[in-house]
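# Chains, contacts and geometry: an overview
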Amino acid sequence: MIGQRYLQVMALLGVAWMIIFNYIPMYSVIIAFKEYNIIHSVHDAPWVGFQHFREFLEDDELPNVIWNTVGMSLIKLIIAFPLPIIFALFLNELRSLKLKKFVQTISYLPHFLSWVILGGILTTWLADVGIINNMLIALGFIEEPISYLAEPSYFWSIVITSDIWKELGWSAIIYLAAIAGVSPELYEAATIDGAGRFQKMWFVTLPSINGTIAILFILAVSGILNSNFDQILVLRNSLNESASNVIDVYVYQTGLLSGRYSYSAAVGLFKSIIALILLIMANQVSKKLNDTSLF
């Protein structure tokens, strides 16, 4: 009982932290319906109703912002979501423990580097005199160097590829943990039935971690309007602005840099409502298809 008491105290501290830093600040979301400025308090700010929401929906930049945000997120969902699963499956099949640890270390390492550092590396690599252009010219794929970050047509590919490079190994951790929980008896039974390694992966490992995949997919769908703000802010410039202007950057530039705090709050609230709707829809679809859901 004494041990439980201490555990409950630790849990209560976590609950208190969540209430103080997550729930109490939610009161300030009402500034989305007010004309707030830093001179007056939230309570004294005049009500404007849905004015900021209408301004956002009528903004000429909205179609391009939504296209960039949803487009990159959908491609990441289609390409980047299954890659950690595949990586975890093959990594689990490595028999050499030393090789497995080496591959894990190499794949995890980029995650611990900030996008400020990785953005600088990518900017150097993708420059006119960078290693990418030098390699492609040496191999005969191109004749003249290309300023990749100055071309909007390359921006999505750069963002998606660099995001996979940075997060592939780290994203595979949860799948490796789920695979570690698969009963060895299932593999033994599959071996007796004559199943090979790939057949075990397909008929034993994947069905066993299906619930984990479904939960993470639901969360990924709900975050489809999110973008990696740090990554895009580091890689974007005035030349690729047409392809790099996503919702988070739009809020930062139009709302925060211009001091339009109520407007930025309205856009953020709009995005949160859409995320909630997507979460509920994805959860219901997952519940019907494989009987796995968050709630």
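Coordinates for the structure precede this section.
Overview of the structure. (Residues numbered from 1 in each chain as written. Predicted model: local features only at pLDDT ≥ 70, side-chain atom pairs only at ≥ 80, totals over all residues. Heavy atoms only, no water.)

As a further point, take the environment of Pro-152. Position of Pro-152 among the secondary structure elements: in helix α8 (residues 152-171). Its relative accessible area of 27% is what places Pro-152 among the partly exposed residues. C-alpha separation for the pair Pro-152 and Arg-236, spaced 84 residues apart in sequence, amounts to 9.5 Å. Filtering out sequence-adjacent residues up to four positions away, Pro-152 remains in contact with Leu-239, Asn-240, Ser-242 and Ala-243. (Helix = DSSP H or I, 4+ residues; strand = E, 2+ residues; numbered from the N terminus. Buried < 20%, exposed > 50% of the residue type's maximum accessible area, 1.4 Å probe, protein only. Contact = heavy atoms within 4.5 Å.)

The subject of this paragraph is the nonpolar core. Counting residues in hydrophobic clusters, the biggest one holds 24 residues, and the most contacted among them are Phe-81, Ile-85, Ala-88, Tyr-175, Ile-179, Ile-209 and Ile-213. Among the secondary structure elements, those contributing two or more residues to this core are α4 (82-92), α9 (173-180), α10 (184-192), α11 (197-208), α12 (210-222) and α16 (261-290). Ranked by residue count, the leading element in this core is α4, at 5 residues. In this structure Ile-85 touches Tyr-175, Leu-206 and Ile-213, once residues within four positions along its chain are discounted. (Core = buried A, V, L, I, M, F, W, Y, C linked by side-chain atoms within 4.5 Å.)

With 30 residues, α16 extends 43 Å from end C-alpha to end C-alpha; this agrees with the ideal 44 Å at 1.5 Å per step. Listed in full, the buried residues belonging to α16 are Ser-262, Tyr-263, Ser-264, Ala-265, Ala-266, Val-267, Leu-269, Lys-271, Leu-279, Ala-282, Asn-283 and Ser-286. Check the buried side of α16 and you find it contacts α2 (51-58), α12 and α15 (247-256). Following α16 by one or two positions, Asp-291 has its phi on the positive side, about 60 degrees. (Expected span 1.5 Å × (residues − 1).)

Turning our attention to the packing of α10 against α11. In the contact formed by α10 and α11, the axes pass within 10 Å of each other and the chain directions differ by 160 degrees. Relative to α11, the element α10 is oriented roughly antiparallel. Classified by chirality, the crossing of α11 by α10 is right-handed. Every residue of α11 that contacts α10 at Leu-186, Tyr-187, Ala-190 and Thr-191 is listed here: Lys-200, Val-204, Thr-205 and Ser-208. Of the residues in the contact of α10 with α11, the class split is 4 nonpolar, 3 polar and 1 charged. (Axes fitted to C-alpha atoms, helices over the stretch in contact; angles between N-to-C directions. Parallel < 35°, antiparallel > 145°, perpendicular 65-115°, else oblique. Left-handed = near helix turned anticlockwise from the far one by under 90°. Nonpolar A, V, L, I, M, F, W, Y, C, P; charged D, E, K, R; others polar.)

In this section: the layout of surface pockets. Of the voids in this model, the largest pocket is the one considered here, and its volume is about 690 Å³. The wall of the largest pocket is formed by 24 residues, among which Lys-76, Ala-80, Asp-163, Ser-171 and Ala-220 lie closest to the centre. Contributions of two or more residues to the lining of the largest pocket are made by α3 (62-80), α4, α8, α9 and α12. When residues in the lining of the largest pocket are grouped by element, the largest group, 6 residues, is from α8. (1 Å grid on protein atoms, 1.4 Å probe; cavity = no way out; pocket = protein on both sides within 12 Å on 5 of 7 lines; lining within 4 Å. Points joined across faces, edges and corners; volume = space filled by probe spheres on them.)

Right, let's talk about a nonpolar patch on the surface for a bit. Residues Val-15, Trp-17, Met-18, Ile-19, Ile-20, Phe-21, Tyr-23, Ile-24 and Met-26 make up a contiguous nonpolar surface patch of about 960 Å² in total accessible area. Looking at the secondary structure, you find Met-26 in the loop between α1 (2-23) and α2. (Patch = residues over 30% accessible without salt bridge, like charges linked within 9 Å, V, L, I, M, F, W, Y side chains within 5 Å. Areas by Shrake-Rupley, 256 points an atom, 1.4 Å probe, with all protein chains shown as cover. Salt bridge = Lys/Arg side-chain N within 4 Å of Asp/Glu carboxyl O.)

Turning our eyes to something else, we now look at empty space enclosed by the protein. As enumerated under the stated definition, the model contains 1 cavity of 30 Å³ or more in all. Put simply, the largest cavity is a space of about 40 Å³. Lining the largest cavity, in full, are Asn-68, Thr-69, Met-72, Ser-73, Lys-76, Val-159, Asn-226, Ser-227, Asn-228, Ile-232 and Val-246. Element by element, the count of residues in the lining of the largest cavity is highest for α3, at 5 residues. The residue makeup of the lining of the largest cavity, split by class, is 4 nonpolar, 6 polar and 1 charged.

One non-glycine residue, Asp-291, lies in the positive phi region at around 60 degrees. Assignment of secondary structure puts Asp-291 in the segment after α16. Here Asp-291 falls in the exposed class, since its relative accessible area comes to 67%.

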